[in-house]
Amino acid sequence: MRAALVDSQGRIIGRGAIDTLPESGIDNARMRLARLLESARATAPDGAEVVGVGVSTAGPIRPATGTYNHPPNLTGWHGKTMKPSLAESLGIPVWIGHDATLAALAETRFGDHIGAENLIYVTISTGVGGGIIANGEMVTGATGGAGEVGHITVRPGAYSCNVGCDGCFEGNASGPAIARAARDRFQNDGPLAVLAGGDPMNITSQMVFDAADEGDTVAQEVVDITIENIGIGLGGLMNTFDPEALVIGGGVVQGLQRHWERLNASVVEHALPRYENGVPLTATRLGDDVSLLGAAQLAFREARKL
Ligand SMILES: [Zn+2]
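Residues numbered from 1 in each chain as written. Predicted model: local features only at pLDDT ≥ 70, side-chain atom pairs only at ≥ 80, totals over all residues. Heavy atoms only, no water.

**Student:** Mind laying out unusual backbone geometry, listing which residues take part and the relevant values?
**Tutor:** The step from glycine 59 to proline 60 runs through a cis peptide bond, and the omega angle for that step is -5°. The residue proline 60 is located in the loop between strand 3 (53-57) and strand 4 (61-62) in this model. Of note in the backbone geometry, histidine 70 takes a positive phi value of approximately 50° without being a glycine. Structurally, the position occupied by histidine 70 is in the loop between strand 5 (67-68) and helix 2 (83-90). The backbone phi angle of aspartate 242 is positive, close to 45°, even though this residue is not glycine. When you line up the elements, aspartate 242 lands in the loop between helix 8 (217-241) and strand 10 (245-249). By relative accessible area, which is 45% here, aspartate 242 ends up partly exposed. (Helix = DSSP H or I, 4+ residues; strand = E, 2+ residues; numbered from the N terminus. Buried < 20%, exposed > 50% of the residue type's maximum accessible area, 1.4 Å probe, protein only.)

Right, here's the structure in full:
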């Protein structure tokens, strides 16, 4: 868990971090988070008003109450929320949002797309997730589960994700998916074999991109398929939401940026003809702070409504 005091211009003033320890339970995490937030608040300049707390979390959560709804990585937190007790211990309002949705919100306030009313943020990392801003509002869905773009089918009959859906975006374009596709095609010679020290189990998505740069044909094939899979996924999102900005972030983006023209062309190819002159694809420049800034913007935005 990371906490920061953020001003209305997106400047991070004080920050700190502690381990989440989800297995110790939500109450334990909430008490430690409250202390972390108090120390961030203590860095506020004299006279500054702290309007509230925004919390960005892995979901799914019900946004109004912050209640977790079967979160896959927070075992035992289902049906629970830290919102009321956190607000009580800190004495200021608390708002909670889904991390990828808040990353999208951060882009519309502190990123390269200030004021965008329609923006999609897709994180391509250990998994594939997404956040959607449509007509200026965060799209949360009926149960807080909206934005799970990682489970759009992009390649039926290919790989499944951990959830088990066949041929989904996450199963065929996340970092582990790229590594797995290369492992399954492994050959004992060439740059990829050298980078992996001869053991296919060592392959990472970073190695696949690096080996492709060095002319490794297996790695190049995996990069080609990955670019097409991402183009199918993002092209479908263009058609569905017609965003002003389509922003990608996450660990895999570093490798993808070396193939930016082809990635753009792949999204155009899989989008409707109305986008034949280009799609508004960019890579985030907010880095690791994108979720902190999104959480801050959630608090600024909601505090204005009070
Ligand atoms: Zn899936």
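**Student:** Outline the side chain of aspartate 216, supporting the account with residue identities and numerical values.
**Tutor:** Within the secondary structure, aspartate 216 sits in the loop between helix 7 (205-213) and helix 8. Lacking a salt bridge, the buried aspartate 216 has arginine 185 as its closest oppositely charged neighbour, with an N-O distance of 9.7 Å. In this structure the side chain of aspartate 216 is engaged in a polar contact, spanning 3.1 Å, whose partner is the backbone nitrogen of valine 218. When near neighbours in sequence (up to four residues on either side) are disregarded, aspartate 216 contacts Gly190, Pro191, Leu192 and Ala211. (Lys, Arg positive; Asp, Glu negative; His and termini not counted. Salt bridge = Lys/Arg side-chain N within 4 Å of Asp/Glu carboxyl O. Polar contact = N/O pair within 3.5 Å; in protein donor to acceptor, adjacent residues only side chain to side chain. Contact = heavy atoms within 4.5 Å.)

**Student:** Quick one: what's the story with the coordination of the zinc ion, residue by residue and with numbers?
**Tutor:** The zinc ion binds to the protein through His151 (ND1), Cys161 (SG), Cys165 (SG) and Cys168 (SG), with metal-donor distances spanning 2.1 to 2.3 Å. What the four donor atoms of the zinc ion show is an angle range of 100 to 123° at the metal, which sorts the shape as tetrahedral. Judged by relative accessible area, cysteine 161 falls into the buried class, the value being 9%. The exposure class of cysteine 165 is partly exposed, given its relative accessible area of 23%. (Donors = N, O, S within 2.8 Å, 3.2 Å for Na, K, Ca; no water. Tetrahedral: all angles 85-135°; square planar, octahedral: opposite > 155°, others 65-115°.)

**Student:** Tell me about the packing of helix 5 (residues 175-184) against helix 8, and name the residues and values.
**Tutor:** Following both chains from N to C, one finds helix 5 and helix 8 inclined at 140°, their axes separated by 9 Å at the closest point. When the interaxial angle is binned, helix 5 and helix 8 end up oblique. Note that helix 5 runs across helix 8; the crossing there is right-handed. For the pair helix 5 and helix 8, the contacting residues are Ile178, Ala181 and Ala182 in the first and Val218, Val222 and Thr226 in the second. The residue makeup of the contact of helix 5 with helix 8, split by class, is five nonpolar, one polar and no charged. (Axes fitted to C-alpha atoms, helices over the stretch in contact; angles between N-to-C directions. Parallel < 35°, antiparallel > 145°, perpendicular 65-115°, else oblique. Left-handed = near helix turned anticlockwise from the far one by under 90°. Nonpolar A, V, L, I, M, F, W, Y, C, P; charged D, E, K, R; others polar.)

**Student:** Explain the packing of aromatic side chains to me, using residue names and the numbers behind them.
**Tutor:** This structure, assessed with the given rule, holds one aromatic pair. Their ring planes at 75° and their centres at 5.5 Å tell us that tyrosine 68 and tryptophan 77 sit as a pair that is edge-to-face. Exposure remark for tyrosine 68: the relative accessible area of 5% places this residue in the buried category. In this structure tryptophan 77 comes out as buried when scored by relative accessible area, which is 2%. (Phe/Tyr/Trp six-rings, centres within 6.5 Å; stacked < 30°, edge-to-face > 60°.)

**Student:** Requested: an account of the pattern of salt bridges, with residues and values cited.
**Tutor:** Under the definition given, this model contains 13 salt bridges. Between arginine 285 and aspartate 112 there is a salt bridge, and its shortest N-O distance comes to 2.8 Å. With arginine 285 in the loop between strand 11 (281-283) and helix 11 (290-303) and aspartate 112 in the loop between helix 3 (99-109) and strand 7 (119-124), this pair connects stretches of sequence that are 173 residues apart. We classify arginine 285 as exposed; its relative accessible area is 67%. Overall, the relative accessible area of 40% leaves aspartate 112 in the partly exposed class. A salt bridge links aspartate 224 to arginine 262; the nearest nitrogen and oxygen atoms lie 2.3 Å apart. Taken together, the positions of aspartate 224 in helix 8 and arginine 262 in helix 10 (residues 260-269) put the pair 38 residues apart, joining distant regions of the chain. For aspartate 224, a relative accessible area of 38% puts it in the partly exposed group.

**Student:** Please give an account of the packing of helix 7 against helix 8 that cites residues and values.
**Tutor:** At their nearest, the axes of helix 7 and helix 8 sit 8 Å apart, and the two run at 115° to each other. The two elements helix 7 and helix 8 meet at a crossing, and its hand is left-handed. Facing helix 7, whose interface residues are Val208, Phe209, Ala211 and Ala212, helix 8 presents Ala219, Gln220, Val222 and Val223. The residue makeup of the contact of helix 7 with helix 8, split by class, is seven nonpolar, one polar and no charged.

**Student:** Tell me about the sheet that holds strand 7, and name the residues and values.
**Tutor:** The pairing of strands in a sheet happens through backbone hydrogen bonds and is either parallel or antiparallel. With mixed pairing, the five strands of this open sheet are ordered in space as 9-8-7-10-11. Both outer strands of the open sheet, strand 9 (137-138) and strand 11, are each paired with one neighbouring strand and no more. Pairing of strand 10 with strand 11, which is carried by three bridges, proceeds in the parallel orientation. Residue pairing for strand 11: leucine 246 is matched across the bridge by leucine 281. Those strands touched by helix 3 are strand 7, strand 8 (128-134), strand 9 and strand 10, and its axis lies near 50° from that of strand 8. Running at roughly 160° to strand 7, helix 8 makes contact with strand 7, strand 8, strand 10 and strand 11 of the sheet. (Pairing = 2+ DSSP bridges.)

Geometric descriptors of this kind do not, in isolation, establish any biological role.
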